[in-house]
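Architecture and fold: a report
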Amino acid sequence: MIKSMHSTSNHWRQALVLILVIGSLAILMMHAPIKQDLSYHQFVDVRTMFGIPNFYNVISNFPFLLVGIVGSIFCQRKMTGTSKMAWLIFYIGIGLVALGSTYYHLEPGNQRLLWDRLPMAVGFMGLFAALLGELIAPALTRYLLFPLILVGIGSVLVWHFYNDLRLYVWVQFMPLLVIPALLILYHKPYSHSYLLVLALGFYVAAKLLEVFDTQVFSFFQYEMAGHAIKHLFAAMGAAMILWMLRVRKRLD
């Protein structure tokens, strides 16, 4: 009887996760195609320093490279199990974001933005696949990692060739919706899961800093704009996850 009740409860949790994943995609697909606003490339801080255009938006990518390298080495040397590859891909993606974003910010435009978004989408899907496996079932990481990576890459290519951001928006924001639900619905097998919540908070803050680029620039007396600080906050989120992986202990 108890086993039957547990099975029913598990089915309901799985159903709720599927509703969030598929429902969020369905809602976006019912929306009209989302075109790339070309004003996106018009950042408020375009100062050239030491011969580098858009200096702060360029150099603020360095923390991505640092976290990506340290995270990749940690995953390769210290992690085991089915989630190892997913975490490794997450941190490889973070490191490549530094290169892609630097390339983009040297001369912002749609053609270069492709190389900024590709590693970002791959990294998101690596993170999502790792958490699906750790919180629901290890087989999910094994079977969904590479399909999710293909979805991430495909979302960027759909935007690039068809100027439709809907799938890319889903790849970016669906994990922000589903991961907190996973943490609430499922038993957490490791300690220090609060660091994952903190990392998500850093990422949400990063997106707000991106939106309020001009206002942040004014607030800081035209010394630092929102987009450059966004890079620092997003890198800090990835660092929080790395710290979680380093210090967590198995609970079951």
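As the structure is a computational prediction, the values presented were derived from the model and not from experiment.

Turning our eyes to something else, we now look at the packing of aromatic side chains. Within this structure, the stated rule accounts for ten aromatic pairs. A centroid spacing of 5.1 Å and a plane angle of 85° characterise the contact between Phe-219 and Phe-220, whose relative ring orientation is edge-to-face. We classify Phe-220 as partly exposed; its relative accessible area is 39%. Sitting over the face of the ring of Tyr-103, Arg-112 holds its NZ or CZ atom 4.0 Å from the ring centroid. Note that Arg-117 overlies the ring of Tyr-40, its terminal NZ or CZ placed 5.5 Å from the centroid.

Core analysis: the biggest nonpolar cluster contains 64 residues, and Trp-87, Phe-90, Tyr-91, Phe-128, Ile-179 and Ile-241 have the highest contact counts within it. Elements that contribute at least two residues to this core include exactly α1 (2-30), α3 (62-78), α4 (84-106), α5 (110-135), α6 (138-162), α7 (166-185), α8 (194-211) and α10 (226-247). Top contributing element to this core by residue count: α5, with 15 residues. Those residues within four positions of Tyr-91 in sequence are excluded, and the remaining contacts are Val-67, Gly-68, Gly-71, Ser-72, Cys-75, Ala-238, Ile-241, Leu-242 and Leu-245.

Below, the discussion takes up a nonpolar patch on the surface. On the surface, a cluster of nonpolar side chains totalling about 360 Å² of accessible area is made up of Val-204, Leu-208, Val-211 and Phe-212. Here Phe-212 lies in the loop between α8 and α9 (213-219). For Phe-212, a relative accessible area of 39% corresponds to the partly exposed category.

Attention now goes to the side chain of His-105. With respect to the secondary-structure elements, His-105 resides in helix α4. In terms of polar contacts, His-105 uses its side chain to reach the side chain of His-227, at 3.2 Å. The residues touching His-105, leaving out its near neighbours within four places in the chain, are Phe-43, Pro-53, Asn-54, Asn-57, Val-58, Asn-61, His-227 and His-231.

Counting across every chain of the model gives six salt bridges. The partner of Glu-134 in a salt bridge is Arg-248, with the nearest N and O atoms 2.8 Å apart. You can see Glu-134 sitting in helix α5 and its partner Arg-248 sitting in the segment after α10, a full 114 residues away along the chain. For the pair formed by Glu-134 and Arg-248, the shared burial category is buried. The partner of Glu-210 in a salt bridge is Lys-230, with the nearest N and O atoms 3.2 Å apart.

Let's shift gears to unusual backbone geometry. Generally, phi is negative for residues other than glycine and the peptide bonds are trans, each holding for most cases. With phi around 50°, Asn-54 is a residue other than glycine that occupies positive phi space. Looking at where Asn-54 falls in the secondary structure, it is placed in the loop between α1 and α2 (55-59). The class for Asn-54 is buried, based on a relative accessible area of 10%. One non-glycine residue, Gln-221, lies in positive phi territory at about 55°. You can see Gln-221 is positioned in the loop between α9 and α10.

The rules behind the values
Residues numbered from 1 in each chain as written. Predicted model: local features only at pLDDT ≥ 70, side-chain atom pairs only at ≥ 80, totals over all residues. Heavy atoms only, no water. Phe/Tyr/Trp six-rings, centres within 6.5 Å; stacked < 30°, edge-to-face > 60°. Buried < 20%, exposed > 50% of the residue type's maximum accessible area, 1.4 Å probe, protein only. Lys NZ or Arg CZ within 6 Å of the ring centre and 35° of its normal. Core = buried A, V, L, I, M, F, W, Y, C linked by side-chain atoms within 4.5 Å. Helix = DSSP H or I, 4+ residues; strand = E, 2+ residues; numbered from the N terminus. Contact = heavy atoms within 4.5 Å. Patch = residues over 30% accessible without salt bridge, like charges linked within 9 Å, V, L, I, M, F, W, Y side chains within 5 Å. Areas by Shrake-Rupley, 256 points an atom, 1.4 Å probe, with all protein chains shown as cover. Salt bridge = Lys/Arg side-chain N within 4 Å of Asp/Glu carboxyl O. Polar contact = N/O pair within 3.5 Å; in protein donor to acceptor, adjacent residues only side chain to side chain.

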